[in-house]
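This is what each chain is made of:
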Amino acid sequence: MRSQDYDRIFLSPPHLGRHELNYLHKAIEDNWVAPAGPNLDGFERDICDFTGAGHCVALTSGTAAIHLGLRLLGVGPGDEVLCPSFTFVATANPILYLGGTPVFVDSEADTWNICPQRLREAIEDRIRKGRKPKALLLVHLYGMPAKVREVLEIATEFDIPILEDAAEALGARYDGRPLGTFGAVGVFSFNGNKILTTSGGGALVTNSQEWAQKTRYWATQAKDPAPYYQHSDVGYNYRLSNLLAGIGRGQMELLEDRVKKRRETYLWYKINLQSVPGLTLSQTEPAGGRSNRWLTTLLLDPAQTATTPEQLRLHLESHNIESRPLWKPLHLQPLFATAPMYGGSACEELFAQGLCLPSGTAMTEADLQRIAEAIKAAVKPTATT
Ligand SMILES: *Cc1c(COP(=O)(O)O)cnc(C)c1O
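Residues numbered from 1 in each chain as written. Predicted model: local features only at pLDDT ≥ 70, side-chain atom pairs only at ≥ 80, totals over all residues. Heavy atoms only, no water.

Engineer: Before we go on, may I ask you to explain the overall build of the protein in this structure?
Structural biologist: In terms of helices and strands, the protein carries twelve helices and 14 strands. Over its C-alpha trace the protein gives a radius of gyration of 21 Å, about what one expects of a compact globule, namely 21 Å for 385 residues. The principal-axis extent of the C-alpha atoms belonging to the protein is close to 80 × 60 × 35 Å. Counting all 385 residues of the protein, 55% fall into the buried class. The long-range fraction of contacts in the protein, counting pairs at least 24 apart against all pairs at least 6 apart in sequence, stands at 74%. A total accessible area of about 16,500 Å² is found for the protein, and carbon and sulfur atoms account for 53% of it. With 38 positive and 42 negative side-chain charges, the protein shows a separation of 1 Å between the mean positions of the two kinds. (Helix = DSSP H or I, 4+ residues; strand = E, 2+ residues; numbered from the N terminus. Rg over C-alpha atoms; globule rule 2.2 N^0.38 Å. Buried < 20%, exposed > 50% of the residue type's maximum accessible area, 1.4 Å probe, protein only. Contact = heavy atoms within 4.5 Å. Areas by Shrake-Rupley, 256 points an atom, 1.4 Å probe, with all protein chains shown as cover. Lys, Arg positive; Asp, Glu negative; His and termini not counted. Charge placed at Lys NZ, Arg CZ, Asp CG, Glu CD.)

Engineer: Just to check I follow, could you spell out the UniProt feature "modified residue: N6-(pyridoxal phosphate)lysine" (unreviewed entry) in the protein for this structure?
Structural biologist: Under the feature "modified residue: N6-(pyridoxal phosphate)lysine" (unreviewed entry), the UniProt entry names K194. The residue K194 is located in the loop between β8 (185–189) and β9 (202–206) in this model. Leave out the neighbours within four places in its chain, and K194 touches S12, A167, E168, S189, R262 and W294. A polar contact of 3.4 Å, which involves the side chain of K194, links it to the side chain of S189. (UniProt positions renumbered as here; feature names shortened; annotations may be inferred. Polar contact = N/O pair within 3.5 Å; in protein donor to acceptor, adjacent residues only side chain to side chain.)

Engineer: Where do I start with the side chain of T305 in this structure?
Structural biologist: Checked against the element boundaries, T305 lands in the loop between β12 (296–300) and α10 (309–318). Polar contacts involving the side chain of T305 include one to the main-chain amide nitrogen of T307, which spans 3.0 Å. Only 2.6 Å separates the side chain of T305 from the backbone oxygen of K380, close enough to count as a polar contact. Contacts of T305, omitting those with residues within four sequence positions, involve P277, G278, L300, V379, K380, P381 and T382.

Engineer: Looking at this structure, how should I read unusual backbone geometry?
Structural biologist: It is generally the case that most residues other than glycine have a negative phi and that most peptide bonds are trans. Phi is positive for Y142, close to 55 degrees, though the residue is something other than glycine. Of note, Y142 is situated in the loop between β4 (135–139) and α6 (148–158). Among the residues examined, Y142 registers a relative accessible area of 2% and is labelled buried. Despite not being glycine, N320 has its phi angle at roughly 60 degrees, a positive value. Mapped onto the fold, N320 is located in the loop between α10 and β13 (341–342).

Engineer: Is there a simple way to explain the nonpolar core in this structure?
Structural biologist: Soluble, globular proteins show a tendency: their nonpolar side chains are buried together. In this structure, F43, I47, Y142, L170, F190, M252 and L255 are the most contacted members of the largest nonpolar core, which totals 40 residues. Elements supplying a minimum of two residues to this core: α2 (38–51), β1 (55–59), β9, α8 (242–252), α9 (255–272) and α11 (345–353). Sorting elements by how many residues they give to this core places α2 first, with five residues. Contacts of F190, omitting those with residues within four sequence positions, involve F43, I47, L170, L196, T197, T198, S199, G200, G201, G202, A203 and M252. (Core = buried A, V, L, I, M, F, W, Y, C linked by side-chain atoms within 4.5 Å.)

Engineer: Got a minute to help me understand α8 in this structure?
Structural biologist: Since there are 3.6 residues in each turn of an α-helix, residues three or four apart along the chain are aligned in direction. Of all eleven residues in α8, nine are buried; the element is thus mostly enclosed. Among the residues of α8, N242, A245, G246, I247, G248, R249, G250, Q251 and M252 are the ones counted as buried. Among the structural elements, α1 (20–29), α2 and α9 are those in contact with the buried residues of α8. With a side-chain oxygen lying 2.9 Å from the backbone nitrogen of L243, the N-terminal cap of α8 falls on S241.

Engineer: What should I look at first to understand α2 in this one?
Structural biologist: Between the first and last C-alpha of α2 there are 20 Å, a value that for 14 residues agrees with the 20 Å anticipated at 1.5 Å per step. The element α2 is extensively covered by neighbouring structure, given that ten of its 14 residues are classed as buried. Where α2 is concerned, the buried positions are N39, L40, G42, F43, E44, D46, I47, C48, F50 and T51. Looking one or two places after α2, you find G52, whose phi comes out positive at around 80 degrees. (Expected span 1.5 Å × (residues − 1).)

Engineer: I tried to follow the side chain of T361 on my own but got confused; where do I start?
Structural biologist: With respect to the helices and strands, T361 occurs in the loop between β14 (354–357) and α12 (365–378). You can call T361 buried: its relative accessible area is 6%. Side chain to side chain, T361 and H15 meet in a polar contact 2.7 Å long. Dropping the residues within four chain positions of it, T361 is found in contact with H15, R258, K261 and R262.

Engineer: Just checking my understanding: could you explain the pattern of salt bridges for this structure?
Structural biologist: As a working rule, side chains carrying opposite charge can pair if their charged atoms are close by. A complete count under the given rule lists 22 salt bridges for this structure. Between R239 and E44 there is a salt bridge, and its shortest N-O distance comes to 2.8 Å. Placement of the pair is R239 in the loop between α7 (209–219) and α8 and E44 in helix α2, with a sequence separation of 195 residues. On the accessibility criterion, R239 (12% relative accessible area) is buried. Judged by relative accessible area, which is 7%, E44 ranks as buried. Here E80 makes a salt bridge to R126, at a shortest N to O gap of 2.8 Å. Pair noted here: E80 is in strand β2 (residues 80–84) and R126 is in helix α5 (residues 116–128), with a separation of 46 residues, a long-range link. Owing to a relative accessible area of 8%, R126 belongs among the buried residues under this scheme. It is possible to trace a salt-bridge network through shared partners that takes in E44, R216 and R239. (Salt bridge = Lys/Arg side-chain N within 4 Å of Asp/Glu carboxyl O.)

Engineer: Is there a simple way to explain the packing of α9 against α12 in this structure?
Structural biologist: A packed helix pair is summarised by two numbers, namely the angle formed by the two axes and the spacing between the axes. Contact geometry of α9 with α12 gives a least axis separation of 11 Å together with a crossing angle of 40 degrees. It follows from the interaxial angle that α9 and α12 lie oblique. Where α9 crosses over α12, the two elements pack in a sense that is right-handed. Listed contacts from α12 to T265, W268, Y269 and N272 of α9 are E365, L368, Q369, I371, A372 and K376. Partitioned by chemical class, the residues of the contact of α9 with α12 number five nonpolar, three polar and two charged. (Axes fitted to C-alpha atoms, helices over the stretch in contact; angles between N-to-C directions. Parallel < 35°, antiparallel > 145°, perpendicular 65-115°, else oblique. Left-handed = near helix turned anticlockwise from the far one by under 90°. Nonpolar A, V, L, I, M, F, W, Y, C, P; charged D, E, K, R; others polar.)

Next comes the structure, spelled out in structure tokens:
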């Protein structure tokens, strides 16, 4: 560690509680150092208890969970999958693993998630071309619930199954119900910077017992029920370690508390940055939605401030404060250059004007003050000549 790391404010670092070590300790004492064991069963139970999902399978990452989830929905070579452009690449990579093609859709301005109107246009156009999408990836960006009701209506009308990428949205709700439980399959991530972490990890939830069994089977090299090693299907090594699941058990105890703290952080920024010219804390909750505010995000309106998000980021960096650009839209990525895109200006504008602020739950009032002062010093109004 460099000496300057001591006072660095990170974007969203791990925040451990007091019980993770107990679960780890027990696993080592009992020799459950394997991708099986009591912590794994307990972690899955904790996730089911919290979300109300019927079944949960803990996996090595959220990306692995999306991969197996899309496979459950029958996505295979040549299939098209609807996906918001404004998301992390991990949402769409598994479409490629399966030989499919993403069909990207623009965002709406309130939640920044998939735009229901553009979604309908995309589906109707793909059907006209004789290429009905096989599945829809519904992402809740930065923990903000998408317009779930509208999206569900469209998906039901066209009979397209939903995989909910709630990797950033554990603990967020819609109509009082936890996100991740609205699709046929839901996915969570426990990567190092998420609201809860196991250092690396993921989970798939579903109400189908058959699908949960199939997911466990695929995640453990697809071993057929025979006394010897027999395989009739392609499998993966995707099962979470019982050690990491122990960290997950300790973390799950803290979930409501962490959501509360992230929401308070958002509110603090909103109150304390309201006088900054051209700066808004934009993403707004849809009717019925309750975000976990995983990351607080801001927009800088170029009509009102001469400061760009990149200038602000560099200024914060010079004060040893980490901030990050919003996700670069996937339709702008070289990797997806040939994928179809419906709309695009909304998410391109968000990307050009936005920034993610430090949102870690261990931050103090003094940390927040330091960040707000640095922001106020950096953001200048446009010259009025
Ligand atoms: C983090 C993340 C993932 C992937 O989760 P990993 O556990 O890192 O593999 C998927 N989708 C979104 C939107 C994410 O933010």
